[in-house]
Amino acid sequence: MGQSHAKAYRRLDGFAIVGLFSRSIRVKADRLAPELRGYPLFEDFDAALRETRPDAVSINSWPDSHAAYAIRAMDAGCHVFMEKPIATTVADAEAVVARAVATRRKLVLGYILRVHPAWAKLVEIGSGLGKPLVMRMNLNQQSSGQAWVWHRDLMRSLTPIVDCGVHYVDVMCQLTRARPVRVHGIGAKLAAETAVQNYGHLHVVFDDGSVGWYEAGWGPMMSEVAYFVKDVWGPKGSISIVLRQDGAGEGSTGKVSASADIDLHTRTNALRLHHAELDASGNFALADEWLDMADEPDHQQLCEREQAWFLRTIQEDIDLTQSMTDAVTSLRIVLAAQQSIDEGRVVEL
């Protein structure tokens, strides 16, 4: 994600890269994309801030370092783009938001689905289906090779339902605009190489009666059949993101399974809108509608849309209060699900 966002900064008018930071960037410099070579490299974050004096910082590190880097960047006068999640605890998330408010710096979270036209359409249509809503989403990833290395590294900080779950719970919160009141989670540890559950399932109840579930698992044992469910039901009908679930036929390279291919995580193919209205004979009054998404942006283009939005929030001084509140709320829900798994009980929010 760091390289993807750096490529976006390089291509967008209004940004100029002044340095790249990673704790081991010099020994891994050969892994940088060709267009990102030649910039100053730093292995000390504070030294990078002092020497480059940036206007903005993009944070794409392991989740357990997000809060500390963000606060130090804002204290140095920087606007911050930060990959999700905002932090690994609710207290840290609230501290990051409080510092953004106090320093009057912009804080944009990397919820890539917010800039995706098909997901925006899903939220627009889904929020008009009446209340309560039923929201069903998952992203199980059958990972091997380098993808399994990444997933094992991520699980040093967070479980899959926390790291990935904030994306989809954020969508649920946009759909309902209601207050989450109750969360239940279940999980299983299927891999000897991880210290935490590499599979989890959460249920969340909102105060308008809406309910949602999210499922996420990482590892070589995951089913390639069960990786893609994204739909919303309401009294007036349903809206679903439709993606063929035939594994390699969906774009797998052979080295990376379709469910672990980052470019497929945001591909939609089509939206299917179902109308619940019945005619006098008790049959459906309207046929299902298919909304073609053939021209949707790819992953890199979505990253560029995120950074274009980041730039706009700075230049136009856009109020980000709601999006920052949403980032804390989605984290609160997924952490409650993990607490539910760990303690074996339903968590009231």
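Residues numbered from 1 in each chain as written. Predicted model: local features only at pLDDT ≥ 70, side-chain atom pairs only at ≥ 80, totals over all residues. Heavy atoms only, no water.

Side-chain pairing between opposite charges can occur once the charged atoms of the two side chains come close. For the coordinates displayed, the defined rule picks out 20 salt bridges. The salt bridge partner of Asp153 is Arg156, with a shortest N-O separation of 3.3 Å. Residue class for Arg156 comes out exposed when judged on its relative accessible area of 69%. Between Arg177 and Asp326 there is a salt bridge, with the nearest N and O atoms lying 3.0 Å from each other. On the criterion of sequence distance, the pair formed by Arg177 in the loop between α8 (165–176) and β8 (180–188) and Asp326 in helix α10 (residues 321–343) is long-range, its members being 149 residues apart. In this structure Arg177 comes out as partly exposed when scored by relative accessible area, which is 47%. (Salt bridge = Lys/Arg side-chain N within 4 Å of Asp/Glu carboxyl O. Buried < 20%, exposed > 50% of the residue type's maximum accessible area, 1.4 Å probe, protein only. Helix = DSSP H or I, 4+ residues; strand = E, 2+ residues; numbered from the N terminus.)

Moving on to the confidence of the model for the protein. Low pLDDT means the predicted coordinates in that region are not meant to be read closely. Across the protein, pLDDT averages 92, with 93% of residues at or above 70. Between residues 245–253, whose pLDDT stays under 50, and residues either more than four places distant or in other chains, the model counts 19 contacts. (pLDDT = per-residue confidence, 0-100. Contact = heavy atoms within 4.5 Å.)

Turning our eyes to something else, we now look at the packing of helix α2 (residues 45–52) against helix α3 (residues 66–75). How two helices sit against one another is set out by the angle between their axes and by the gap between those axes. Their axes nearest at 11 Å, the elements α2 and α3 cross at an angle of 25 degrees. The angle between α2 and α3 places the two elements in the roughly parallel class. Regarding α2 and α3, the two cross each other, and that crossing is right-handed. Note on element contacts: α3 touches α2 through Tyr69, Arg72 and Ala73, opposite Phe45, Asp46 and Leu49. (Axes fitted to C-alpha atoms, helices over the stretch in contact; angles between N-to-C directions. Parallel < 35°, antiparallel > 145°, perpendicular 65-115°, else oblique. Left-handed = near helix turned anticlockwise from the far one by under 90°.)

Attention now moves to the packing of aromatic side chains. By the definition in use, this model includes nine aromatic pairs. Residues Tyr9 and Phe15 carry aromatic rings whose centres are separated by 4.7 Å and whose planes lie at 70 degrees to one another, so their mutual orientation is edge-to-face. Among the residues examined, Tyr9 registers a relative accessible area of 10% and is labelled buried. With a relative accessible area of 19%, Phe15 lands in the buried category. Residues Phe81 and Phe310 carry aromatic rings whose centres are separated by 6.0 Å and whose planes lie at 50 degrees to one another, so their mutual orientation is tilted. One end of the pair, Phe81, is in strand β4 (residues 79–82); the other, Phe310, is in helix α9 (residues 299–315), with 229 residues separating them in the sequence. Given a relative accessible area of 0%, Phe81 falls into the buried group. Phe310 gets classed as buried once you look at its relative accessible area, which sits at 0%. Put simply, the rings of Tyr9, Phe15, Phe81 and Phe310 touch in pairs and so form one group of aromatic residues. (Phe/Tyr/Trp six-rings, centres within 6.5 Å; stacked < 30°, edge-to-face > 60°.)

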